[in-house]
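Residues per chain, in single letters:
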Amino acid sequence: FEQEYGVKPINMIDIKALMGDASDNIPGVKGIGEKTAISLLSKYKTLDNLYEHIVNVTPKTRERLLNDKDNAYMSYDLATIYREVPIPFTLEDCKYNGIDKEKFITILKELEFKSILKKVDTNEEDQEVSEIKKIDQELHTIPIEKFNFNKPFAFYIEMDGYHYWKSKIIGIAFTNEEGSCFLDPEQLESYKNIFENDASKYSYDIKKSIILLNKQHITIKNCDYDAMIGAYLLDYKLSDDITLLMKQLDYDILSYEDTYGTEKRPKKVDIETTKEQTLWKSNFIFHTKEKLLQEIAENKEEKLFHDIEMPLAFILADMEMTGIKVDQNYLLNLKEEVSQKLKDMETSIYEDAGCTFNILSPKQLSNVLFVDMEIPYPKKLTKKDTGYSTNKDILDRIRDVHPIIDKILEYRNLSKLYANYVVGLLDEVSEDGKIHTVFNQCLTRTGRLSSSKPNLQNIPIRSDYSRLVRKAFIPDDNSVLMSSDYSQIELRVFAHLSKAENLQKAFIEDQDIHTQTASEIFGVDKSEVTKNMRRTAKAVNFGILYGISSFGLSEDLKIDVGSAKRFMSHYLKTYPGISEYMEKEKKEAYQKGYVTTIMNRKRVIDELKSKNFMVRSSGERMALNTPIQGSAADILKKAMVDLYNAMNEKKLKSKMLIQVHDELVFNVVNDEIDIMKDLVR
């Protein structure tokens with residue numbers, strides 16, 4: 001500490017007395033930051049000694065110290081830990097001597113802590129023997145040789161990690177109406193044909209299973225039910241592992257209830273081996289299938305489940321296994337170039353600042369900008385603020401004050417690009433020279449797909465270097481990459497759902513919707529619409545979709561709230577029917593507690609029940625946006641299923657590679673370009 005700060009640890013109190021600490025509401029001396037405080041105390045050691053030698057301090061700092069002397073000493077008191085608090089008990093009094101179990105259970109029942117109650121044994125000794133018997137009765141295991149694979153069966157694959165591209169199978173459990181059995185990986189070769197037979201198969205996370213078995217050159221056929229996809233449509237909380245769903249259906253490995261089947265399930269089962277856990281999981285898939293399918297039918301989501309989401313899982317598995325080719329040499333050269341550019345930018349920023357510091361450290365950056373360089377902070381600090389912020393919103397407001405701000409913003413963007421995409425993509429390239437992303441089918445609440453490990457839906461495009469990163473993705477030999485997207489799909493869905501005639505007319509007549517909106521809200525001819533007007537109209541078009549407030553729009557467009565209100569008001573007059581539609585959607589969401597898409601995908605919005613205004617407002621935005629964004633997601637998923645089937649029927653060699661919300665990217669073999677263009681359209 002002394003090496004770093006030049007004072008003893010106890011003098012941290014003196015440092016805080018001078019520089020303050022926003023997180024503890026310690027004001028300190030106005031205009032004195034960490035650097036100045038440490039410099040003064042490394043010379044004068046204590047606050048008292050500093051004020052005794054105030055005449056020796058530079059005029060500007062002396063004036064600040066004298067003007068704020070009361071605050072300095074008040075801050076000193078606030079920063080000093082009070083150590084004389086009377087403690088009416090000893091350490092011995094705190095010793096744990098066990099609990100009164102009856103009282104404990106009474107409290108748990110009173111507070112309805114059901115999950116903890118399940119873990120409390122009320123009669124441990126009697127229970128242990130009887131439960132072992134119940135396990136034997138309930139989990140009926142049979143040798144794999146006697147298992148009838150010609151009848152419908154559930155299966156669950158256990159792997160040795162969380163990332164199925166890098167994991168191995170450690171066991172597979174099967175369950176049918178006769179019982180359950182377990183298959184060791186060594187036996188897989190002998191039983192590979194069971195996955196391709198005519199029997200109906202039930203799974204959890206079928207995409208994971210397809211990819212794990214594909215590594216063993218095994219294909220899965222006739223899998224017409226997946227518990228993860230079903231539970232996702234029903235809004236259960238999910239994870240890669242089935243246990244979270246089991247808990248929600250009271251089928252937890254550690255606390256089975258009597259919800260399913262006639263026999264009462266054991267209240268507490270201690271299953272330690274992977275084999276037994278895997279058997280319980282396949283057992284769960286088989287015995288809860290009818291319940292989940294019934295709930296899906298009640299939600300009117302059967303078509304969505306059987307015709308869209310189930311076939312889509314197989315398509316996504318194929319896309320993941322295909323992967324996209326990457327030019328590694330190109331990325332390595334780009335890495336060198338961006339690395340050098342970052343070094344040059346660092347030098348330029350240090351010259352402007354007059355010192356070296358960690359540019360990516362918000363604390364160090366705020367100190368350099370607002371204390372050392374004395375750049376005016378663009379807003380008033382409140383009690384919630386823990387110091388000067390350096391987020392993009394703050395820096396955008398002071399771009400014109402000093403050229404260092406633009407350099408810092410550019411440096412941040414380039415650093416992120418370098419770490420996440422230049423170096424990040426190189427780390428993700430597999431032995432086959434391709435990147436195999438993971439498409440998350442059961443994650444977002446709107447029904448959209450997401451991509452991870454790495455995220456290929458978020459490759460930036462706006463800066464020059466972003467566009468250079470995109471060039472690293474290349475087609476296979478004798479092929480091209482073909483990108484196709486829907487034109488303004490969310491706004492078209494909005495026009496359809498809201499029945500706003502003017503908005504529909506703009507699309508029917510194939511007008512540029514943002515130019516059309518700009519022309520209407522600014523009252524000018526379409527030929528007179530400027531880029532800035534079109535940008536404003538675009539922000540209003542999409543803002544309305546996402547339930548934006550006039551304040552939010554003013555922040556996005558960097559205009560005053562009054563102007564944003566006028567834009568929104570003019571927009572709603574231009575497109576009659578939209579206001580009524582939005583009010584109707586919100587009202588119905590409050591009444592039902594959920595909203596649906598055009599394919600009946602249901603989203604429960606618990607936020608609407610909140611007493612907190614901000615949370616409730618967020619729920620209203622979800623109620624407006626989900627039917628639009630979710631319907632667009634449904635449409636693209638349907639397109640993927642139809643396209644994939646059509647490509648297979650025509651026996652094309654071209655492959656679907658990536659989905660980016662309203663866009664599909666294909667690897668198209670040269671002699672199939674014209675066929676694919678027509679087919680995709």
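Structure: above.
Residues numbered from 1 in each chain as written. Predicted model: local features only at pLDDT ≥ 70, side-chain atom pairs only at ≥ 80, totals over all residues. Heavy atoms only, no water.

Observations concerning the sheet that holds strand E12 (residues 473-474)
Note the threshold: Two strands are counted as paired when DSSP detects at least two bridges linking them. Comment: elements are numbered from the N terminus, with helices defined as DSSP H or I runs of at least four residues and strands as E runs of at least two.
The sheet built from 3 strands is open, its strands ordered E9-E8-E12 with antiparallel pairing. The sheet terminates laterally at strand E9 (434-435) and E12, the two strands that pair on one side only. Summarising the sheet, strand E8 (residues 324-326) and E9 pair through 2 bridges and their orientation is antiparallel. Among the inter-strand pairings, Lys325 is bridged to a residue of E9, identified as Lys434.

Focus on a nonpolar patch on the surface
Put simply, the rule is: The patches reported here contain residues having more than 30% relative accessible area and no salt bridge. Joining distances are 9 Å for like charges and 5 Å for nonpolar side chains (Val, Leu, Ile, Met, Phe, Trp, Tyr). In this description, accessible areas are obtained by the Shrake-Rupley approach with a 1.4 Å probe, and a residue is regarded as covered only by the protein chains that are shown. Take a side-chain nitrogen of Lys or Arg and a carboxyl oxygen of Asp or Glu: if they are within 4 Å of each other, that pair is a salt bridge.
Judged by side-chain polarity, Tyr96, Ile99, Phe104, Ile107, Leu111, Phe113 and Ile116 come together as a nonpolar surface patch covering roughly 690 Å² of accessible area. Within the secondary structure, Ile99 sits in the loop between helix H6 (69-79) and helix H7 (101-110).

Structural notes on helix H3 (residues 34-44)
Selection criterion: We call a residue buried when its accessible area falls under 20% of the maximum for its residue type, exposed when it is over 50%, and partly exposed in between, using a 1.4 Å probe and counting protein chains only. The directions considered for the arc are those from the helix axis to the C-beta atoms. Contacts are assigned to residue pairs that have any heavy atoms within 4.5 Å of one another.
Every buried residue of H3 is listed here: Ala37, Ile38, Leu40, Leu41 and Tyr44. Angularly, the buried residues of H3 cover 165 degrees about the axis, an arc narrow enough to put them on a single face. Elements in contact with the buried residues of H3: helix H1 (2-5), helix H2 (12-19), helix H4 (47-52) and helix H5 (59-67). Following H3 by one or two positions, Lys45 adopts a phi angle in the positive range, close to 70 degrees.

As for the packing of aromatic side chains
Two measures describe an aromatic ring pair: the distance that separates the ring centres and the angle between the ring planes. Selection criterion: The rule is short: rings of Phe, Tyr and Trp, with Trp giving its six-membered ring, pair when the centres are within 6.5 Å, and they are stacked under 30 degrees, edge-to-face over 60, tilted in between. For a Lys NZ or an Arg CZ to count as sitting over a ring, it must be within 6 Å of the ring centre and within 35 degrees of the ring normal.
Evaluation of the coordinates by the stated rule reveals 22 aromatic pairs. Taking 6.0 Å as the distance between ring centres and 65 degrees as the angle between the ring planes, the aromatic pair formed by Phe494 and Tyr581 counts as edge-to-face. Of this pair, Phe494 sits in helix H20 (residues 489-498) while Tyr581 sits in helix H26 (residues 578-592), and the two are 87 residues apart along the sequence. Members of the aromatic cluster, connected to one another through ring pairs, are Phe147, Phe149, Phe153, Phe155, Phe174, Tyr191 and Phe195. Stacked on the ring of Tyr594, the Lys or Arg Lys602 has its end atom at 4.3 Å from the ring centre.

A few points about the side chain of Asp226
Operational definition: Here Asp and Glu are counted as negative and Lys and Arg as positive; His is not counted, and neither are the chain ends. Within 3.5 Å is the distance limit for a polar contact, defined as a pair of N or O atoms, with the added protein rule that one can donate a hydrogen and the other accept it, and that residues adjacent in sequence qualify only through two side-chain atoms.
Mapped onto the elements of the fold, Asp226 is located in strand E5 (residues 223-226). Buried within the structure, Asp226 lacks any salt-bridge partner; Lys208 is the closest side chain of opposite charge, at an N-O distance of 9.0 Å. Of note is the side chain of Asp226, whose polar atom sits 2.9 Å from the backbone nitrogen of Asp205. Here Ile229 takes part through its backbone nitrogen, which lies 3.0 Å from a polar atom of the side chain of Asp226. Not counting residues within four places of it along the chain, the set of residues in contact with Asp226 comprises Ser203, Tyr204, Asp205, Ile206, Phe305 and Met310.

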